[in-house]
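# Descriptive structure summary
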Amino acid sequence: LAARQILAKSGNEMVNAARRMQRLDVVGDDVAAKCREHLVRHAASQEQVAGITAEAGRALQQFRQAASSRAVTGEVLSAFVRSGGGEGDLKQAAEALIDAAELGPGKFSALVRDANKPKFRDKVSELYINSLLSNPPTHVVNMVSNSLTAMAQIPEYAVASGIGAARRAAIGNRASESILASEVGARTFGLVQGVKEGAALFARALKTGDADDFVSKVEGDQYKAISGVKGEVIRIPTRLLTAEDQFFKGVARRMELNAQAVRIAQREGLKGEARQARIAELVANPTDDMMARAMDYGRYLTFQRQLGPAGQAVSNFTNNSLTGKIVVPFVRTPINLLKFATERSPAAPLLKEWRADFAAGGERRDLAISKMLIGTGFATVFYQAAQQGLITGAAPTDPKKARLMYADGWQPYSVKVGNRYISYARMDPFSTTLGVAADMATLPDGMSDKQRENMGTMLVTSIMGNLSNKSWLSGVSAATEAVSDPQRYADNWIERTAGSFAVPAGVAGAARQLDPVLREREGVGAALQARVPGISQNLLPRRDVFGEPIQLDSLGPDFVSPFWQSQSKNDPVVAEMLRIHQSVSKVGRQYSQDGERLDYSRQQYDRYQEIAGRLTYNRLLTLVASPGYSAVDDTGKRKLASKAIAGARKTARGLIDDPDYPLPPRGQVEAGEADPWSQFPDANGAPANDPWAAFPDAGGG
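What comes next concerns the included structure. (Residues numbered from 1 in each chain as written. Predicted model: local features only at pLDDT ≥ 70, side-chain atom pairs only at ≥ 80, totals over all residues. Heavy atoms only, no water.)

It is at 8 Å that the axes of helix α8 (residues 136–171) and helix α18 (residues 362–387) come closest, and there the two elements cross at 125°. Between α8 and α18, the angle is such that the two are oblique. For the crossing formed where α8 meets α18, the hand is right-handed. Contacts between α8 and α18 involve P155, E156, Y157, V159, A160, I163, G164 and R167 from the first element and G362, E363, D366, L367, I369, S370, K371, L373 and I374 from the second. In terms of residue class, the contact of α8 with α18 is built from nine nonpolar, three polar and five charged. (Axes fitted to C-alpha atoms, helices over the stretch in contact; angles between N-to-C directions. Helix = DSSP H or I, 4+ residues; strand = E, 2+ residues; numbered from the N terminus. Parallel < 35°, antiparallel > 145°, perpendicular 65-115°, else oblique. Left-handed = near helix turned anticlockwise from the far one by under 90°. Contact = heavy atoms within 4.5 Å. Nonpolar A, V, L, I, M, F, W, Y, C, P; charged D, E, K, R; others polar.)

What follows is the structure, given as structure tokens:
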């Protein structure tokens, strides 16, 4: 009887909250969160009445913990609203509940149960998000990114401390509060000390699947939509992501609490033992303000700060639209990553947050200037390194030139270490600043004189290229291409999306580990097959311009490494073709028969690429190594190279259907071509029986 009385009282409160929400044109997070509070409480009470005591106990206990939190800020309320499906869903539920209240307690209670249940789109979204996050390299990227971000705070605060000291020395007592050198030491100690606290938070989140902070990377916290054991298994990737962020939030909070304790003790004018005792007291029992700043700092270093109105509108749309979630699965983290990178670049004044910090003066201005100086300094170093060829930016705008460079082992957005290119593209948030710096140094090589003069064009080109290269924006760029040019790109987007839904990224990663060769994917079936271990190798390989299969390689084990690497071949043929600006395009997919254009079959086209590519390479090598080649000017060399390429492809077309044709080894003159200059009677060349003799350091044979 008591339980039923509680349920009736809960129902009245639910209706009153719904009516308050219905009357408002603009519903704030506080009102929406209160409405959802009643909704959750009433649903839990119904379960209690039905006899599900354990479930209700856990639900109400969790709710009490959230209600008694010391940091129920606007961000937490927003997250709580999102966990109910968003403001729009809650308002619709409120209106439906008011109507149901007139129909009696049975109908009303049934509707409350349904309103509190996850929708089908929530289940599909949860499955999709966890599929995307299931690849181990994603979690390695998250931990590396958070580690670099935490460590970078020390030099930033050290420089800010120096700026503040210079300011105090210049204007004396009139100087506003600044970052102290002793804070930098306390923050450094906190970086180490916080590992223990972060480990405890990591273990707790891994065990329960819940964070102590309602704000997380997984937007739309309703993602516990799939019930039972299967739901717990599916949510392993998001549980891991939450646990990883909990670890780094623990580290960040300890860094901030230590620094705040030192500052408060300094502000109070304490010295010696009294100062140390006060710092120890504040570290052990931080004030509410200290805790609020520490919580915010933890979100800042894990890229989870609340978005502005525009960003929040995009986030709400994706959380309430399955299509939006597929195209843009993450909003908060990418936007915060971009803001973090922009703060540390010459473009920092474009951010209103940076301008607000600068206008505030004091320690905020010192830190804002420090971020911009250090980020710009690193970008300048990368710019100079890119000019020396030690760092690469985007691929050339000329696709034919890019294909030649790829065939030589070149790799975009990479650091060159010896003869290896190691990608830095996934070292967010710093990769964006570094990539733009490298692009500014290398993009002019592929531009006209007029384009080179327009720095704005180069900057926009670089930023757009960097963004499209980011894995977390690849879905947006793919969807945009599909909409803008559906005939060319729609199939690719459909294949990509279907593959992500049907085969988790972790399974695709295992397939890549077993079969590192890139495969042709024509159709949804092939796209799925390419992601499945054991059967991906049944697909035909992708080939470069010289007919060789394209293979992926990682720094370390492929299954966990997010850092691509490639070996530079220093190939003399590629070097010479690039020097004389001679392109080597891909072979055509069609042939002419009786005046009609027909498509090669997949097997025929693969065989054509292989034979034509090998013959093309061998003939070009023989050509550039011949004694008479050097006597011809660059225009003549381009004509000779074009004839060699055309001749190789003509020969290859006649051999496509000959399964017994022995493909000549790479770098060797094929039978019947002992005198390659015979096809160039006007070149006055001489035979070259050993084409590699002219390149003793090229590693050929």
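Looking now at the packing of aromatic side chains. Following the criterion strictly, the structure yields twelve aromatic pairs and no others. Taking 5.0 Å as the distance between ring centres and 85° as the angle between the ring planes, the aromatic pair formed by F247 and F248 counts as edge-to-face. For the pair F247 and F248, a shared accessibility class is recorded, and that class is buried. Relative to F358, the ring of W354 lies with its centre 5.3 Å away and its plane at 15°, an arrangement referred to as stacked. Of this pair, W354 and F358 both sit in helix α17 (residues 352–360), separated by four residues, roughly a single helical turn. Relative accessible area serves as the criterion here: at 6%, W354 is assigned to the buried category. (Phe/Tyr/Trp six-rings, centres within 6.5 Å; stacked < 30°, edge-to-face > 60°. Buried < 20%, exposed > 50% of the residue type's maximum accessible area, 1.4 Å probe, protein only.)

Pairing between strand β4 (residues 590–593) and strand β5 (residues 596–599): four bridges, direction antiparallel. Bridging across to β5, Q590 finds its partner in D599. Between β4 and β5, which pair antiparallel and follow one another directly, the connecting turn spans two residues, one of which, D594, has a positive phi of 55°. (Pairing = 2+ DSSP bridges.)

With that out of the way, let us pick up helix α16 (residues 332–343). With twelve residues, α16 should cover 16 Å at 1.5 Å per step; its first-to-last C-alpha distance of 17 Å lies within 8% of that length. Within the sequence span of α16, burial applies to R332, T333, P334, N336, L337, F340, A341 and E343. (Expected span 1.5 Å × (residues − 1).)

Before going further, it helps to spend a moment on the environment of G250. In this structure, G250 sits in helix α11 (residues 236–267). Separated by 55 residues in sequence, G250 and V195 have C-alpha atoms that sit 7.3 Å apart. In this structure, G250 is in contact with G194, E197, G198 and L201, ignoring residues within four places of it in sequence.

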